[in-house]
Amino acid sequence: MPFIELRDVSKLFGAVPHQAVKLLEEGWTKERLAKEKQLVLGVNRVSLQIEEGEIFVIMGLSGSGKSTLVRMLNRLIEPSSGEIRVRDKNIMHMTPQELRDLRRKTISMVFQKFALLPHRTVLNNTEFGLEVQGVPKKERKEKALRALHLVGLGDWADKMPDELSGGMQQRVGLARALANEPEVLLMDEAFSALDPLIRRSMQDELLELQLKMKKTIIFITHDLDEALRIGDKIALMRDGAVVQVGTPEEIMIHPANEYVERFVEDVDLSKVLTAEHVMRRPETISPDRGPRVALQFMRDLGISNLFVVDRSRTLLGVISAEDASEAVRTNKSLGDIVIADVPRVSPQTLLADLFELCGAAKLPVAVVNDSNRLVGVIVRGAVLGALAGQITRTEVSANVTEVTS
């Protein structure tokens, strides 16, 4: 069961918007609604499922409906139709008190503008929301300090906002939301007001925080690079509707339509795709075979190296044709010539991080899982091709199919 689920959620602004929902079902466009009914279509029949503990990014250009959508998740904006369920409870049926409890305890929001009170210290700003809720002073101070330490600002509790950099002020805003100990964080363009270098740093910090917090984070952005960098899942919106939902890799490799394809066409694939997408099926041999058998395998396959694996495909090392020939002449076993120090990467390693390794490695680069099981081999040309923009989405998809089939 998804943690948060949206079922055919729509929002229209203007007179009698609820009656106009039927017009959406009849296929009226955003332009026709505006021209003939003076209605502004904010969100158009969106259905989404958001899993607990994931960073779910909602992105799109200005006016696509992403901010309207996120504000309906806690009913800061009232939907015109549809259902929004949190832990399978429809928030559309909540009483005013239940809705207040949802906003205080379950869902917190981090805004683009820091909105720090200039006359309050960092600590006082962080505990402000708890103060409004009537939380006792000692308890709210403890929670606020805990949140500040979590974002790396524990030593800045007594400082004033104007003594902090922009990135630090944004972290205070994040700490203020975390002090409520929510299950869900809504982050609406939270980093867009920051300078590029600070913004990148905040993205890194958010990912590090998520390893500790494991919150459900719904992150709004218009920046594709930011979405690809931090998102576990991405929903791409256009004219109030969701045009595609998927992992960053799925959206890059399998764009749903021409609009998505145009949206992602200028993205550097090497910063999105991973070793898994360009690895090849490894040619292997077991350690109980002899060097003559190894040489024959390499001749038949037209290769100069073989990976040595045990019966469970645990990587033991690699052998070269030159060493195998020498072993035949000196009557050595295969185990005597195995090179155990093989460059290894995980399937999730970004291609951009493989360039230097593949360029310097004298041996093939092995792709292994967490159990050191060999799952693929990186061919240097595939990485160089991706970095040069020569690898196509079709080729990437074919590589994954070849290795996993």
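Refer to the structure presented above.
Criteria and cut-off values
Residues numbered from 1 in each chain as written. Predicted model: local features only at pLDDT ≥ 70, side-chain atom pairs only at ≥ 80, totals over all residues. Heavy atoms only, no water. Buried < 20%, exposed > 50% of the residue type's maximum accessible area, 1.4 Å probe, protein only. Helix = DSSP H or I, 4+ residues; strand = E, 2+ residues; numbered from the N terminus. Pairing = 2+ DSSP bridges. Expected span 1.5 Å × (residues − 1). Arc of directions from axis to C-beta. Contact = heavy atoms within 4.5 Å. Core = buried A, V, L, I, M, F, W, Y, C linked by side-chain atoms within 4.5 Å. Salt bridge = Lys/Arg side-chain N within 4 Å of Asp/Glu carboxyl O.

Enquirer: Hey, could you run me through the pairing of strand β3 (residues 55-59) in this one?
Expert: Of all five residues that make up β3, five are buried, and the element is covered over most of its length. Neither face of β3 is exposed, since I55, V57 and M59 on one face and F56 and I58 on the opposite face are all buried. Relative to strand β8 (residues 216-221), β3 is paired through five bridges, and the arrangement is parallel. Each residue of the ladder has a partner; that of I58, found in β8, is I220.

Enquirer: What is the right way to look at helix α9 (residues 196-213) in this model?
Expert: An α-helical segment advances 3.6 residues per turn. Residues three or four places apart therefore align on the same side. Its 18 residues place the ends of α9 25 Å apart at the C-alpha level, agreeing with the 26 Å of an ideal helix rising 1.5 Å per residue. Those residues of α9 that fall on the buried side of the exposure criterion are R199, M202, Q203, L206, L209, Q210 and M213. Buried residues of α9 fall within an arc of 130° about the axis and therefore sit on the same side. Those residues of α9 that are exposed and aimed more than 90 degrees away from the buried face are L197, E208, L211 and K212. Looking at the buried residues of α9, the elements they touch are β3, α7 (137-150), α8 (166-178), β7 (184-188), β8 and α10 (224-230). One or two steps after α9, the chain reaches K214, where phi turns positive at roughly 55°.

Enquirer: It is not clear to me how the nonpolar core should be interpreted in this structure. Could you clarify?
Expert: Soluble globular proteins: nonpolar side chains tend toward being buried together. Ranked by internal contacts, the top residues of the largest apolar core, which has 62 residues, are M187, F219 and I378. In terms of nonpolar packing, the next biggest core, distinct from the first, is built from 29 residues, I50, F56, I91 and V184 among them.

Enquirer: So what exactly am I meant to see when it comes to the pattern of salt bridges here?
Expert: A pair can form between side chains of opposite charge whenever their charged atoms are brought close. As enumerated under the stated definition, the model contains 20 salt bridges in all. Across the pair R87 and E183 runs a salt bridge, and its minimum N-O distance is 2.6 Å. Note that R87 is positioned in the loop between β4 (81-86) and β5 (89-90) and E183 in the loop between α8 and β7, a separation of 96 residues in sequence. For R87, a relative accessible area of 42% translates into the label partly exposed.

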